[in-house]
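Tertiary structure, described
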Amino acid sequence: MKVIFTNGCFDMIHRMHVELLRFCKSRGDKVVVGLNSDSSVKRLKGDTRPIFNQEDRKFVLEAFESVDEVIIFDEDTPYELIKELKPDEIVKGGDYEENEVVGNDIAKVVLFNYIEKYSTTNTLSSLQKDIIL
């Protein structure tokens with residue numbers, strides 16, 4: 001069985017997330033998503049995040065046919081989770097370089113074509129600007 005791992009905050013699901021998860025499924029038999037906990041998201045993204053709590057984000061991810069398992073982790077990176085899972089591949093967005101991807105010493109890294117306009121952070125920034133205006 002070929003296990004594919006990806007991870008992130010998945011705070012507001014958008015097209016790039018769906019495309020990423022489908023891409024993961026096309027590469028293997030089992031897709032495991034490492035989901036940043038609420039406290040981890042807050043440390044990484046700031047006090048206004050996450051928008052949705054970890055249980056809601058997990059529930060949404062588990063609804064996708066392309067996702068087989070969702071594991072919440074509390075650390076800033078999923079390194080310990082990757083060490084435990086030993087996936088065959090780690091899939092990350094193309095805004096990373098292979099050598100920057102956490103776990104690149106454990107599994108093969110595959111980069112997914114990142115589409116910047118679908119960034120949750122950029123979307124939230126745009127919404128905040130519209131509200132302020």
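Keep in mind that what you see is a predicted model, and the values were worked out from it rather than measured. (Residues numbered from 1 in each chain as written. Predicted model: local features only at pLDDT ≥ 70, side-chain atom pairs only at ≥ 80, totals over all residues. Heavy atoms only, no water.)

What follows concerns the overall build of the protein. Of regular secondary structure, the protein possesses five helices and five strands. Starting at the N terminus, the α and β elements of the protein follow one another as β-α-β-α-α-β-α-β-β-α. For the protein, the residues scored as buried account for 38% of the 133 residues in total. Partitioning the intrachain contacts of the protein with sequence separation of at least 6 by distance along the chain shows that 63% fall at a separation of at least 24. (Helix = DSSP H or I, 4+ residues; strand = E, 2+ residues; numbered from the N terminus. Buried < 20%, exposed > 50% of the residue type's maximum accessible area, 1.4 Å probe, protein only. Contact = heavy atoms within 4.5 Å.)

As a further point, take helix α1 (residues 15–27). With 13 residues, α1 should reach 18 Å at 1.5 Å per residue; the first-to-last C-alpha distance of 19 Å fits that figure. Listed in full, the buried residues belonging to α1 are M16, H17, L20, L21 and C24. Each buried residue of α1 lies within a common arc of 135 degrees when the element is viewed along its axis, so the set occupies one face. Turned more than 90 degrees off the buried face of α1, the exposed positions are R22 and S26. (Expected span 1.5 Å × (residues − 1). Arc of directions from axis to C-beta.)

Further remarks concern the nonpolar core. Across soluble globular proteins, nonpolar side chains show a tendency to be buried alongside one another. Membership of the largest hydrophobic core comes to 15 residues, with the highest contact counts inside it found for F10, V33, L61 and V91. Elements represented by at least two residues in this core include exactly α1, β2 (30–36) and β5 (108–112). Per-element tally for this core: the top contributor is α1, with four residues. When near neighbours in sequence (up to four residues on either side) are disregarded, L61 contacts F10, I13, L21, V33, L35, V67 and V70. Ranked by size, the runner-up nonpolar core spans 10 residues in total, among them V32, F73, I90 and V101. (Core = buried A, V, L, I, M, F, W, Y, C linked by side-chain atoms within 4.5 Å.)

Evaluated as defined, the whole model comprises one aromatic pair. The interplanar angle of 45 degrees and the centroid separation of 5.2 Å between the aromatic rings of F23 and F112 together place this pair among those described as tilted. Here F23 is found in helix α1, whereas its partner F112 is found in strand β5, with 89 residues between them in sequence. Given the relative accessible area of 24%, F23 is considered partly exposed. (Phe/Tyr/Trp six-rings, centres within 6.5 Å; stacked < 30°, edge-to-face > 60°.)

Right, let's talk about the pattern of salt bridges for a bit. Scanning all chains against the criterion turns up 10 salt bridges. Across the salt bridge formed by E19 and R15, the nearest N and O atoms sit 3.1 Å from each other. With a gap of four residues between them, E19 and R15 both fall in helix α1, about one helical turn apart. Classification of E19 by relative accessible area gives partly exposed; the value is 27%. Note that D38 is salt-bridged to R57, the shortest N-O span being 2.8 Å. Here D38, found in helix α2 (residues 38–45), pairs with R57, found in helix α3 (residues 54–62); they are 19 residues apart in sequence, far enough to count as distant. Overlapping salt bridges, with partners in common, bring together K2, R27 and E89 in one network. (Salt bridge = Lys/Arg side-chain N within 4 Å of Asp/Glu carboxyl O.)

Such coordinate-based values are descriptive only and should not be taken to indicate function.
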